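Here are the chains, one letter per residue:
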Amino acid sequence: LLNHSVSELKDDIQVSFEFFPPGTEKAEASLWEALDRLVPLAPRFVSVTYGHSEEGRERTHKVIKQIGERTGLTAAPHLTCIDTPEAELRQIARDYWQNGIRHIVALRGDKQPGRQYTNYYASDLVRILREEGDFDISVAAYPEVHPEAKSAQADLLALRKKVEAGANRAITQFFFDVESYLRFRDRCVSAGIDVEIVPGILPVSNFETLKRFADLTNVAVPSWLAQRFAGLENDPTTRSLVGASIAIDQVRVLRKEGVKEFHFYTLNRAEQSYAICHTLGVRPQLAKAC
Ligand code: FAD
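Because the structure is a prediction, the values reported are computed rather than measured.

Visitor: Pulling in residues and values, what's your account of the overall build of the protein?
Guide: For the protein, the helix and strand inventory stands at 12 helices and eight strands. Against the globule reference of 19 Å for 290 residues, the protein gives a C-alpha radius of gyration of 19 Å, in line with a compact fold. Overall size of the protein, expressed as C-alpha extent along the three principal axes, is 50 × 45 × 40 Å. Looking at the 290 residues of the protein, the share that counts as buried comes to 39%. Sequence-distant contacts in the protein: of pairs separated by 6 or more residues, those separated by 24 or more amount to 82%.

Visitor: So what's going on with the pairing of strand E7 (residues 196–201)? Residues and values would help.
Guide: When you tally the buried positions in E7, you get five out of six residues, the bulk of the element. Pairing between strand E6 (residues 169–174) and E7: four bridges, direction parallel. Across the sheet, the residue bridging to Ile 171 is Val 198, located in E7. Read from E6 through helix H7 (residues 178–190) to E7, the crossover connection turns out right-handed. Direction of pairing for E7 relative to strand E8 (residues 261–265): parallel, over a ladder of two bridges. Opposite Ile 201, over in E8, you have Phe 264 as the bridge partner.

Visitor: How would you sum up the site of the ligand? Please name residues and give values.
Guide: By nearness alone, 24 residues border the ligand, and Thr 49, His 78, Arg 108, Ala 122 and Ala 158 come closest of all. Every element with two or more residues in the shell around the ligand is listed here: strand E3 (75–80), strand E4 (103–107), helix H5 (122–132), helix H6 (152–164) and E6.

Visitor: So, the pairing of E8: which residues are in play, and what are the values?
Guide: Taken across its five residues, E8 has four buried, putting it largely inside the fold. Two elements, strand E1 (residues 14–19) and E8, share five bridges in a ladder whose sense is parallel. Opposite Ser 16, over in E8, you have His 263 as the bridge partner.

Visitor: Hey, could you go over the nonpolar core for me, with residue numbers and the actual values?
Guide: Of all hydrophobic cores here, the largest spans 81 residues; its most connected members are Ala 106 and Leu 125. With residues up to four places along the chain from it excluded, the contact list for Ala 106 reads Leu 79, Ala 122, Leu 125, Val 126, Leu 129, Ile 137, Val 139 and Ala 167.

Visitor: How would you summarise H5 if you had to cite specific residues and measurements?
Guide: What H5 keeps buried is the set Ala 122, Ser 123, Asp 124, Leu 125, Val 126, Ile 128 and Leu 129. On its buried face, H5 is in contact with E3, helix H4 (86–98), E4, strand E5 (136–141) and H6.

Visitor: Tell me about the sheet that holds E1, residues and numbers included.
Guide: Taken together, eight strands build a closed barrel; the order of strands is E1-E2-E3-E4-E5-E6-E7-E8 and the barrel is parallel. If you compare each strand with its neighbour and ignore which way they point, the axes differ by 30° on average. Here four bridges tie E5 to E6, and the two strands are oriented parallel to one another. Counted as the bridge partner of Ala 141 is Thr 172 from E6.

Visitor: If you had to explain H7 to someone new, which residues and values would you point to?
Guide: Counted at 1.5 Å a residue, the expected span for H7 with its 13 residues is 18 Å, and the 19 Å between its end C-alpha atoms agrees. All buried positions along H7 are accounted for by Tyr 181, Phe 184, Arg 185 and Cys 188. Around the axis of H7, the buried residues are gathered within 105° of arc, so they sit on the same side. Residues of H7 that are exposed and angled more than 90 degrees away from the buried face: Glu 179, Asp 186 and Ser 190. Against the buried residues of H7 lie H6, E6 and E7. At the C-terminal side of H7, Gly 192 shows a positive phi close to 80°.

Visitor: Quick one: what's the story with unusual backbone geometry, residue by residue and with numbers?
Guide: Located in the positive-phi region is Val 145, a residue other than glycine, with phi close to 75°. Among the secondary structure elements, Val 145 is positioned in the loop between E5 and H6. For Asn 268, which is not glycine, the phi torsion reads 65° and is therefore positive. Residue placement: Asn 268 occurs in the loop between E8 and helix H11 (271–279). With 19 C-beta atoms packed within 10 Å, Asn 268 lands in the partly exposed category.

Basis of the calculations
- Counting of residues starts from 1 at the beginning of each chain's written sequence and follows it residue by residue.
- Owing to the predicted nature of the model, reporting of local features is limited to residues with pLDDT of at least 70; listing and counting of side-chain atom pairs is limited to 80 or more, with chain, interface and lining totals taken over all residues.
- The numbering of helices and of strands both runs from the N terminus, where a helix is a DSSP run of H or I of at least 4 residues and a strand a run of E of at least 2.
- Based on C-alpha atoms, the radius of gyration is set beside the globule rule, defined as 2.2 Å times the residue count to the power 0.38.
- Any residue with 12 or fewer other C-beta atoms within 10 Å of its own C-beta is exposed, any with 20 or more is buried, and the rest are partly exposed; the C-beta atoms used are placed from the backbone.
- In this description, a residue-residue contact is defined by the distance between C-beta atoms placed from the backbone, which must lie within 7 Å.
- DSSP-based pairing: two strands are paired if at least 2 bridges between them are found.
- Seen with the strands pointing away from the viewer, any crossover whose path from the first strand over the helix to the second strand runs clockwise is right-handed.
- We call a residue near a molecule or strand when its C-beta atom, built from the backbone, sits within 6 Å of it.
- To define a nonpolar core, we join buried Ala, Val, Leu, Ile, Met, Phe, Trp, Tyr and Cys residues through C-beta atoms within 7 Å and take the resulting set.
- Think of each axis as a best-fit line through the C-alpha atoms, taken over the contacting stretch in the case of a helix, with angles from 0 to 180 degrees between the N-to-C directions.
- Take the residue count of a helix, subtract one, and multiply by 1.5 Å to get its expected span.
- The arc in question is the one spanned by the directions pointing from the helix axis to the C-beta atoms.

Here it is, written out as structure tokens:
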């Protein structure tokens, strides 16, 4: 990687950015600020997560429409199926299709305490979407295994089922152990999963929040990571720099291992993702013409 020139790299690498729908005016301003900064990097798509509440879900639909209108980028809504009847999922898909939305991130969603669920897996949602339109469909993958999976092999087969149902790519849960991603990618190939396994990169800015989230999602937090953030509890600026440098190390190794697509969990902030992209040679498209 180090011997590659920037001009070689920038045409080679594709990035995508994930956002969440803002719930307040201030959060909305942060989202647009982040998008303004990241749009010139010409991401392949930008995606917006889907929550549990009706209000949150409306926000996703609204933000997706706005991103398309304001930026011209491919805006990909996340859609979950676990608590939504099939007829409603079909209606959402049709509405998206009619509004020009062509890329959907298809997920099962997490179980919420005290709620009733259908038996849908994400593979069922992929099948429904395939029947409703010629969508570009991304699904989730778990290098360190989904917490509810019976085994790593069962989880791998669940991913294969999503691909067989028509998914075009898998985006991974975030991870810090690059080896776990590389082993998982090899296992996908052995299992006949022939879509791109796009690594999900989470630039850490708050280690305590990360630990809680990693616990819930079965993601290993190596001791070296804790050590890098030790003593920075009251120093967000340094934490952000350290978090970016960790992710930069990660993407450089992945790049060397042939990874060409990266998905960034931006948490609606641009600076770290922008810096990481810069080191990958992903620069504002204006610079390309120079
Ligand atoms: P599935 O692929 O259905 O898998 C769920 C579990 O069921 C796994 O343990 C799997 O091994 C098992 N399984 C699957 N099929 C079968 C089968 N046929 N038989 C037996 N077991 C099976 N959540 C949100 O609520 N909103 C979001 O916007 C969102 N975005 C995400 C984006 C990414 C990139 C990722 C990685 C996750 C996201 N999530 C989101 C979280 C996701 O909804 C949860 O991880 C959820 O628990 C599983 O979703 P899935 O699509 O992977 O489900």
